[in-house]
Amino acid sequence: LSGEQLKEEGNKHFQAGDIDKAIECYTKAIKVCQDKKVLAVIYRNRSACYLKKLVINLNNLPSSIAIDVDAKDIKALYRRCQALEKLGKLDMAFKDVQRCATLEPKNKAFLETLRRLGAEIQSKLKTTFSTDSRVQNMFDILFDEESEKDKKEKAANNLIVLSREDAGAERIFQNNGVTLLLNMIETGKPEMILAAVRTLSGMCTGHKARVSHGACKVKLSEIALAACNLFQCINDSLTGGDTREYGKEADLVMDPSKDLKTILLSLLEMVASKKVSGHGRDQALNLLSKNVPRKEKKEMDHSKSLFTIDHGLKKILKVCGQVPELPDQLPLTENTQLIASVLLNKLYDDLKCDPERNNFRDICDEYIKYVHETFNMDKTIHAINCISGLLQGPFDVGNALVGRQGIMEMMVALCGSEREVDQMVAVEALIHASSKMSRASFIITNGVSLLKDIYKKTKNEKIKIRALVGLCKLGSAGGDDYSLRQFAEGSTEKLAKQCRKWLCNPQIDTKTRKWAIEGLAYLTNDADVKDDFVDDEPAMQAMFELAKSRDKTILYAVACILVNCTNSYEKKEILPELVQLAKFSKQHVPEQHPKDKKDFVDKRVKRLLKAGVTSALVVMVKAENIILTDQTKEMLARVFLALSEDPRDRGTIVAQGGGKALIPLALEGTEAGKVKASHVIAKIAAISNPEIAFPGERVYEVIRPLVNLLHTDREGMQNYEALRGLTNLAGFSEKLRVKIVKEKALSEIENYMFEENEQIRLAATECMCNLVTCKEVQDRYLEDGNDKLKLLVLLCGEDDDKLQIAAAGALAMITAAQKKLCTKMTLVTSQWLEILQRLCLHSNVQVQHRGLVIVYNMLNSDNSDLAKKLIESELLEILSVVGRAEDNPKRQEAIDAARTCLVKAMDLGLIKPFASPS
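Residues numbered from 1 in each chain as written. Predicted model: local features only at pLDDT ≥ 70, side-chain atom pairs only at ≥ 80, totals over all residues. Heavy atoms only, no water.

By the naming in an unreviewed UniProt entry, the protein chain is Protein unc-45 homolog B, taken from Astatotilapia calliptera.

Student: Explanation requested: the overall build of the protein chain in the structure shown.
Tutor: From N to C terminus, the protein chain includes 54 helices and zero strands. Residue burial in the protein chain is summarised as follows: out of 918 residues, 52% are buried. Within the protein chain, contacts between residues at least 6 apart in sequence are counted, and of these 68% link residues at least 24 apart. Total accessible area on the protein chain is roughly 45000 Å²; 50% of this is exposed by carbon and sulfur atoms. (Helix = DSSP H or I, 4+ residues; strand = E, 2+ residues; numbered from the N terminus. Buried < 20%, exposed > 50% of the residue type's maximum accessible area, 1.4 Å probe, protein only. Contact = heavy atoms within 4.5 Å. Areas by Shrake-Rupley, 256 points an atom, 1.4 Å probe, with all protein chains shown as cover.)

Student: Would you explain unusual backbone geometry in this entry?
Tutor: Trans peptide bonds make up most of the peptide bonds, and negative phi angles are found at most residues other than glycine. Phi is positive for Asn567, which is not a glycine, with a value near 50°. Topologically, Asn567 is positioned in the loop between helix H31 (555-566) and helix H32 (576-584). Despite not being glycine, Lys744 shows a phi value in the positive range, around 60°. Following the sequence through the fold, Lys744 ends up in the loop between helix H43 (734-742) and helix H44 (746-752). Taking relative accessible area as the criterion, Lys744 reaches 68% and is therefore assigned exposed.

Student: What am I meant to see in the nonpolar core here?
Tutor: Taken as a class, soluble globular proteins show a tendency for nonpolar side chains to be buried jointly. Judged by nonpolar contacts, the single largest core of 222 residues is most densely connected at Phe360, Met411, Leu503 and Leu836. Apart from the residues lying within four places of it in its own chain, the contact partners of Phe360 are Ile309, Leu313, Leu344, Leu347, Tyr348, Leu351, Pro394 and Val397. Ile160, Phe173, Met192 and Met203 belong to the second largest nonpolar core, which has 22 residues in total. (Core = buried A, V, L, I, M, F, W, Y, C linked by side-chain atoms within 4.5 Å.)

Student: What is the right way to look at helix H47 (residues 788-795) in this model?
Tutor: Given 3.6 residues per turn, any residue in an α-helix points the same way as the ones three and four places further on. Of all eight residues in H47, six are buried, a share of seventy percent or more. Every buried residue belonging to H47 is among Lys788, Leu789, Leu791, Leu792, Val793 and Leu795, and all of these are buried.

Student: Explain the environment of Leu142 to me, please; I cannot follow it from the model alone.
Tutor: Tracing the chain through its elements places Leu142 in helix H8 (residues 131-143). Spatially, the C-alpha atom of Leu142 lies 5.4 Å from that of Lys152, the residues being 10 residues apart in sequence. When sequence neighbours within four positions are dropped, the list of residues in contact with Leu142 reads Lys152, Ala155, Ala156, Leu159, Met184 and Met192.

Student: Could you clarify how one ought to interpret the UniProt feature "repeat: TPR" (unreviewed entry) in the protein chain in this entry?
Tutor: Sites flagged by UniProt as "repeat: TPR" (unreviewed entry) map to residues 3-36. Annotated as 85% helix and 0% strand, the span residues 3-36 places its first and last C-alpha atoms 11 Å apart. (UniProt positions renumbered as here; feature names shortened; annotations may be inferred.)

Student: Mind showing me how you'd approach a negative patch on the surface here?
Tutor: Side chains of Glu148, Asp150, Glu153 and Glu191 sit close together on the surface and give a patch of like negative charge. One can find Glu191 in helix H12 (residues 190-204). For Glu191, a relative accessible area of 53% corresponds to the exposed category. (Patch = residues over 30% accessible without salt bridge, like charges linked within 9 Å, V, L, I, M, F, W, Y side chains within 5 Å. Salt bridge = Lys/Arg side-chain N within 4 Å of Asp/Glu carboxyl O. Lys, Arg positive; Asp, Glu negative; His and termini not counted. Charge placed at Lys NZ, Arg CZ, Asp CG, Glu CD.)

Student: Whenever I open this one, the packing of helix H48 (residues 801-817) against helix H51 (residues 845-859) confuses me. Can you help?
Tutor: Relative placement of two packed helices is described by the angle separating their axes and the distance separating the axes. The N-to-C vectors of H48 and H51 enclose an angle of 25°; their axes lie 9 Å apart at closest approach. One element, H48, and the other, H51, form an angle in the roughly parallel class. Taken as a pair, H48 and H51 cross one another with a handedness that is left-handed. The residues of H51 that touch H48, namely those facing Asp801, Gln804, Ile805, Ala808, Gly809, Leu811, Ala812, Thr815 and Ala816, are Gln846, Val847, Arg850, Val853, Ile854 and Asn857. (Axes fitted to C-alpha atoms, helices over the stretch in contact; angles between N-to-C directions. Parallel < 35°, antiparallel > 145°, perpendicular 65-115°, else oblique. Left-handed = near helix turned anticlockwise from the far one by under 90°.)

Student: What should I look at first to understand the pattern of salt bridges in this one?
Tutor: Where charged atoms of side chains with opposite charge meet at close range, the side chains can pair. Under the counting rule described, the total for this entry stands at 40 salt bridges. Residue Arg115 pairs with Glu112 through a salt bridge whose shortest N-O separation is 2.6 Å. In this pair, Arg115 and Glu112 both sit in helix H7 (residues 108-128), three residues apart, roughly one turn of the helix. Taking relative accessible area as the criterion, Glu112 reaches 41% and is therefore assigned partly exposed. Close ionic contact of Glu743 with Lys739 constitutes a salt bridge, the shortest N to O distance being 3.2 Å. Ionic contacts of the salt-bridge type, sharing partners, join the residues Lys530, Asp531, Asp596 and Arg604 into one network.

Student: Looking at this structure, how should I read the packing of helix H29 (residues 527-535) against H31?
Tutor: Contact geometry for H29 and H31: axes closest at 9 Å, N-to-C directions at 110°. Between H29 and H31, the interaxial angle falls into the category roughly perpendicular. Contacts between H29 and H31 involve Lys530, Phe533 and Val534 from the first element and Ile561, Asn564 and Cys565 from the second. Class assignment of the residues belonging to the contact of H29 with H31 gives a composition of four nonpolar, one polar and one charged. (Nonpolar A, V, L, I, M, F, W, Y, C, P; charged D, E, K, R; others polar.)

Student: I would appreciate a short explanation of the side chain of Lys514 in the present structure.
Tutor: Position of Lys514 relative to the elements: it lies in helix H28 (residues 510-523). Relative accessible area serves as the criterion here: at 10%, Lys514 is assigned to the buried category. In this view, Lys514 contacts Asp551, Thr553 and Ile554; residues no more than four positions away in its chain are not counted.

Student: Can you walk me through the packing of aromatic side chains in this structure?
Tutor: Between two aromatic rings, the relevant description is the distance of the centres plus the angle of the planes. On inspection of all chains with the given rule, the structure shows two aromatic pairs. For the ring pair Tyr78 and Phe110, a centre distance of 5.0 Å and an interplane angle of 50° mean the geometry is tilted. Note that Tyr78 is positioned in helix H5 (residues 74-86) and Phe110 in helix H7, a separation of 32 residues in sequence. Taking relative accessible area as the criterion, Tyr78 reaches 18% and is therefore assigned buried. Over the ring of Phe600 we find Lys603, and its NZ or CZ is 5.8 Å from the ring centre. (Phe/Tyr/Trp six-rings, centres within 6.5 Å; stacked < 30°, edge-to-face > 60°. Lys NZ or Arg CZ within 6 Å of the ring centre and 35° of its normal.)

Student: How should I be thinking about the side chain of Thr308 in this particular structure?
Tutor: Relative to the helices and strands, Thr308 resides in helix H17 (residues 303-320). Judged by its relative accessible area of 1%, Thr308 is buried. Excluding residues within four positions of it along the chain, Thr308 makes contact with Leu264, Leu268, Val292, Leu313 and Leu347.

Student: Whenever I open this one, the confidence of the model for the protein chain confuses me. Can you help?
Tutor: Detailed reading of the predicted coordinates is not advisable wherever pLDDT falls low. For the protein chain, per-residue confidence averages 82 on the pLDDT scale, and residues scoring 70 or more make up 83% of the total. Overall, residues 478-486 carries pLDDT values under 50, and its contacts beyond four positions in sequence, including any with other chains, amount to 27 contacts. (pLDDT = per-residue confidence, 0-100.)

Student: Even after reading the chapter, I still don't get helix H37 (residues 658-667), so can you show me in this structure?
Tutor: For H37, a buried count of seven out of 10 residues is recorded, marking the element as mostly surrounded by other parts of the structure. All of the buried residues along H37 are Gly658, Gly659, Ala661, Leu662, Ile663, Leu665 and Ala666. Two residues or fewer past H37, Gly669 is found with a positive phi of approximately 125°.

Student: Hey, could you run me through the state of the cysteines in this one?
Tutor: Working definition: the covalent bond between the sulfur atoms of two cysteines is a disulfide. Evaluation of the coordinates by the stated rule reveals zero disulfides. Free cysteine: Cys840, not disulfide-bonded; nearest cysteine sulfur from Cys901 at 7.3 Å. (Disulfide = S-S within 2.5 Å.)

Student: Please explain the environment of Ala867 as it appears in this structure.
Tutor: On the secondary structure map, Ala867 appears in helix H52 (residues 864-872). Residue classification places Ala867 among the buried residues on the basis of a relative accessible area of 2%. For the pair Ala867 and Leu910, spaced 43 residues apart in the sequence, the C-alpha separation amounts to 8.2 Å. For Ala867, the contacting residues outside a window of four places in its chain are Leu859, Leu908 and Leu910.

Student: So what exactly am I meant to see when it comes to the environment of Cys504 here?
Tutor: Position of Cys504 relative to the elements: it lies in the loop between helix H27 (491-503) and H28. Placed 39 residues apart in sequence, Cys504 and Met543 show a C-alpha to C-alpha distance of 8.3 Å. Apart from residues no more than four positions distant in its own chain, Cys504 is found in contact with Pro538, Ala539 and Ala542.

Following this line, the structure appears as structure tokens:
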């Protein structure tokens, strides 16, 4: 049979449904057929049979051969499209049907297939790139031992990024993610552990349910740094620190206290574990300090503090007592023991009653007693070092322990020990213990000669400098009282000179140079030392560089030096009468050093600014919160305030980033510190471009500190500076005006417009003048039952030009924006017309211009009776006189405004243009 005959026979079998026989006939026909066109048809028909049978080979599609024979064979193309679709090759099938639709654009079958395939491809792409498949794919790569390192890193990073998105975190959680992440931690590989913990951090942020389903099973001590971040996320979620809304999953976790206690115990275990690195220990202490004590004393629940004291106080004391120079000590950083002292102080401050404080003291006493009475020298100096830690933290507790029989004597005795480490620990303890005048007197009597002896004889620089600092502190025990010098004239200057020498020596290690700054912190109570220090620019630069270094334990000492040099410490004003009375009764009267007078202080401030103190302060403010205690923040705020006294220096502060650094100081810390920082912000905001002083979104954070300064319990100067700062900000943008209104500043500003103090009243009126363009402010003036508008009108009648400019300016703008106020203005006081006439006749062109604008607004207010009343009054004559005046550049604004009023009156038909007689 010929190829044509075999083809026809195959067609008959196909139509009869016998596909196998049809394929057999077509295959025979292909072998004998010589006509290429017929051959293409045979291949096409056989491909249709294969489609029916679902037996398709991608590498040898019959329809492809048909297309090779005839590229325009549309049926072959469509058959291949169908075959490719069956094989799941949707993209290839789409290309074929696209060609078919191009050849026959009106073929409904082709168009329908094209639409359907397009939709399926999109769906497949969504599935391929869906979160679920991505999550599973990432875990597969991470657990595959044969995967390349780059691929694993990429998968780990993708997983971390995904966990920080709400949808991504939920998909990881739903796909057994917690179990898989815990499996990653159990591999023991650092990169896997880190990726797993960071992913858990993202998942647990703000989500109680995920936290309770296993995230707390992580062994924190093994993966300290990343795990601490995870703890913070978990803690915020369980305690409500994360305020975001996550639907109803919160209902799934009835009581989070059990999980919180589990985590607290894990953190406390980290604190005293030898397996934990120094940085990990720092992070654990930081987290305890941040999350255990109450944020506000008005909160009632302080159970976390009580739990931590009961289960972990001794572990924290163990950290305080570590002596790195001895064997078998915990790994520490240079900041660890100070962080532990700060934590102890916060825990003690969080206690509510004497029984709780007594329990704290008893645990400390029991720990010190147990360690001290072991008759082991290493244990003894551990106990002494532990007392040093308490003296730097809850001082009252440490001071009580020092007062125990034998402790102070033991410190003095250890100074004479042959072991250098004993001497070093003892000298440090004496330094911290002599903060109380009574202790200092004891040491001056019993220990000064010993400290001098150590200083002269020891060859160890570390001990030498500590002995020197001990002498420095004892020498400054009288504070800044000139009459209470402990040492002979010139001795403190010699001590300070040696401290500056060590400070400027880069060959000495940072920790030892830090002690030189400690010494200067005490000695700069003496005004002679202050002057010498600010004259020594290399010493100041060395101190600033150390302040910017990684060792942040130095911050408090640096802040002390700066407070002393700028005399910005709290100083009670002593009445002369009381001084005379004290002298008469032979009581001690503090004396001021001659170099502590204002002229000398101002010179020291200028020198500090020239040396770059602002940039050092900016870096110090950025330190971790646990190191940057509230007391240190207050001192930094005091220094900033002293530096900003001269308006000419405020530009320097802004140029070196001081504006940005002040915002956190104004929002966090002691009440006094926040007020001082807010005052500096007010000073800067009053005379600076807000965009430069507080760049970006920070400018909106400035409003709240300024509004807080408006409280009536603040000083008058603070009220005044705050009003000036708000005035400048309000004149800058509508967003800032809205922010001021939202912070509820309006009522305070309005109250100060009644103030008897002329400067404050003027500042408040100027501030209101800049705020009246805000819609919310206008609405307040439209409300009935208040005297706001009346006050503004009456202030226009005052004799102070500046006050009139502000009040009339506000009135001009507000009556232009709200026409109803033009009528209301005539009802609030009977003096309105007289005041308006005085404004229009004022010799000050700025006041006159504003008065004439108010007249125009009233003429333009759509109140014909009001307009008629104005024109029938003496105002018409005033307008005529001003309007007819010759052009004068100095008064042109007022002349133009008067002419505009006359034109408006003519438009209203109230007056007629002057006509010459015919």
